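The lines below spell out each chain.
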Amino acid sequence: PGWRGSNHDRELKGARELDGGEAVMSDLKDVIEDQLERNLSPKKLKRYLEVVGPFLLVLTNAEDALRVLMRWSEQLQYMKLQMKWGTYVSALILLLSALVQAVGSVGVITRVQLKANCCLLLGFTVVQPVLYGQLTDVDFVFRSLTQVGGLLLLLRHEDTLGRGAKRGNSQDAFAGMGSESHGGRNGAGSGARLQLLGRVLLMAIFFCQGARHLYVSGVTVLSLVGFLLLFALCTLVVAGFKARWSAVILATALGITNLWMFPFWRDNGRMRDFHKYYFFNTLSIMGGLLLLVSYGPGGLSVDQGSKKGI
């Protein structure tokens, strides 16, 4: 009887400890869920993307402006020998390049005169392949087109990002993203077309890289599956169907491959400059994708169910 009573006491004690542990775990779960709900709400996530997206988008411009100034002699020599611009014209082009990119990127990051600075960077991105003699470089041209796509998305929504802009009072911050309610019927149509063009151009580098990789590596099962997967994600973005989720997948894949393929901090010499350019340019592409995640595909998309023609 004494043995049985002792064993019964131990069982009761173990049951109480188990109940206490479950209560602690339940309280911990409630605390974690409460914190996640507060810090990862759609409204807070949208605000986070509105800061990180534009910042990443213009990083390549900020880096290029610094590179022009810090490696002036090398840049000037290239312009004189390769582009045949002459000393004074080359110096003027480089100064304007650094000034435009520095002012534009700082303006976008600080949200001061956002529309003007966004247009400034758009104009420079369009003429940059001509100024630097890169029109025959397919990869450079398509990366520029992708940058233009991201800037168009930013320009489309600059009224919600600029300082002093009024924010909606919608309970779900994502409910109105990509809506075409601003500026009346005509403004909405032009805004929807601008956003459509932006997301199409944003996919330019992915279509280019996917096709080139398939051509260079040859048609194998692995390369074909990778190409079809990439093509499917890009098509979803262009069509505006599950565009946000597709953009999240593309941005995540880019972030991982960027660290793996372009670790410029490990390199020296010209390879360092090469990898540094691609690293920051890839970050800018990710910034454009984050803007797409934040604002959605817009009115002319399958997600929005638009039935109007372009």
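Quick note: structure is the one above.
Residues take numbers from 1 onward in each chain, read along the sequence in its written order. Local features in a predicted model are, by the rule used here, given only for residues with pLDDT of at least 70; side-chain atom pairs are given and counted only at 80 or more, and totals for whole chains, interfaces and linings are based on all residues. Hydrogens and water molecules were not included; the side-chain quantities draw on all heavy atoms of the structure.

Visitor: Sorry if this is basic, but what is going on with the packing of aromatic side chains here?
Guide: The geometry of an aromatic ring pair is captured by two quantities: the separation of the ring centres and the angle between the planes. The criterion for an aromatic pair is that two Phe, Tyr or Trp rings (for Trp, the six-membered ring) have centres within 6.5 Å, with stacked assigned to planes under 30 degrees apart, edge-to-face to planes over 60 apart and tilted to the rest. Following the criterion strictly, the structure yields 11 aromatic pairs and no others. When the centroid spacing of 5.9 Å and the interplanar angle of 40° are considered together, the rings of Phe 264 and Phe 280 count as tilted. In this pair, Phe 264 is assigned in the loop between helix 12 (243–261) and helix 13 (269–295) and Phe 280 in helix 13, connecting sequence segments 16 residues apart. Residue class for Phe 264 comes out buried when judged on its relative accessible area of 12%. We classify Phe 280 as buried; its relative accessible area is 17%. Among the aromatic residues, those joined into a ring-pair cluster are Phe 140, Phe 262, Phe 274, Tyr 277 and Tyr 278. Between Lys 242 and the ring centre of Phe 241, over which it is positioned, the NZ or CZ distance is 5.9 Å. Secondary structure elements are taken from DSSP: a helix is a run of H or I of four residues or more, a strand is a run of E of two residues or more, and numbering for both begins at the N terminus. Whether a residue is buried, partly exposed or exposed follows from its accessible area with a 1.4 Å probe, protein chains only, as a fraction of its type maximum: under 20%, in between, or over 50%, in that order. A ring is scored as having a charge over it whenever the NZ atom of a lysine or the CZ atom of an arginine sits within 6 Å of its centre and within 35 degrees of its normal.

Visitor: Would you take a moment to explain the pattern of salt bridges for this structure?
Guide: Note on definitions: salt bridges are taken to be side-chain nitrogens of Lys or Arg within 4 Å of carboxyl oxygens of Asp or Glu. By the definition in use, this model includes 7 salt bridges. Between Arg 71 and Glu 74 there is a salt bridge whose closest N-O contact spans 2.7 Å. Looking at Arg 71, the relative accessible area reads 30%, which means it is partly exposed. When the shortest N-O distance is used, the salt bridge between Asp 139 and Arg 212 registers 3.5 Å.

Visitor: Quick question: what am I supposed to make of the side chain of Asp 139 here?
Guide: Note on placement: Asp 139 falls in helix 7 (residues 138–156). Given the relative accessible area of 3%, Asp 139 is considered buried. The definition of a polar contact used here is a pair of N or O atoms within 3.5 Å, where within protein one atom must be able to donate a hydrogen and the other to accept one, and adjacent residues in sequence count solely through side-chain atom pairs. A polar side-chain atom of Asp 139 sits 2.7 Å from a polar atom in the side chain of Gln 209. If sequence neighbours within four positions are ignored, Asp 139 has contacts with Ile 205, Gln 209, Arg 212 and Tyr 278. By definition, residues are in contact when any of their heavy atoms lie within 4.5 Å.

Visitor: Is there a simple way to explain the packing of helix 5 (residues 87–110) against helix 6 (residues 114–131) in this structure?
Guide: What describes two packed helices is the angle between their axes and the distance between those same axes. Interaxial distance between helix 5 and helix 6 falls to 9 Å at its minimum, and their mutual angle equals 145°. You can see that helix 5 and helix 6 cross each other, and the crossing is left-handed. Taken together, the residues of helix 6 that come into contact with helix 5 (itself represented by Ile 93, Ser 97, Val 100, Gln 101, Val 103, Gly 104, Ser 105, Gly 107 and Val 108) are Leu 114, Asn 117, Cys 118, Leu 120, Leu 121, Phe 124 and Leu 131. Note on definitions: angles span 0 to 180 degrees between N-to-C directions of axes, and those axes are lines fitted to C-alpha atoms, for helices only across the stretch in contact. Should the near helix be turned counterclockwise from the far one by less than a right angle, the crossing is left-handed, whereas a clockwise turn marks it as right-handed.

Visitor: Help me out: how do you make sense of the state of the cysteines in this one?
Guide: By definition, disulfides here are pairs of cysteine sulfur atoms that lie within 2.5 Å. Counted according to the given criterion, the structure contains 0 disulfides. Cys 119 supplies the cysteine sulfur nearest to Cys 118, a cysteine that is in no disulfide, at a spacing of 6.0 Å.

Visitor: What should I look at first to understand the environment of Val 108 in this one?
Guide: Relative to the helices and strands, Val 108 resides in helix 5. Given a relative accessible area of 2%, Val 108 falls into the buried group. Expressed as a C-alpha distance, the spacing of Val 108 and Val 51, which sit 57 residues apart in the sequence, is 9.9 Å. Beyond its immediate chain neighbours, meaning those up to four positions away, Val 108 contacts Pro 54, Val 58, Leu 114, Asn 117, Cys 118, Leu 121 and Leu 154.

By themselves, these observations are geometric and do not establish any function.
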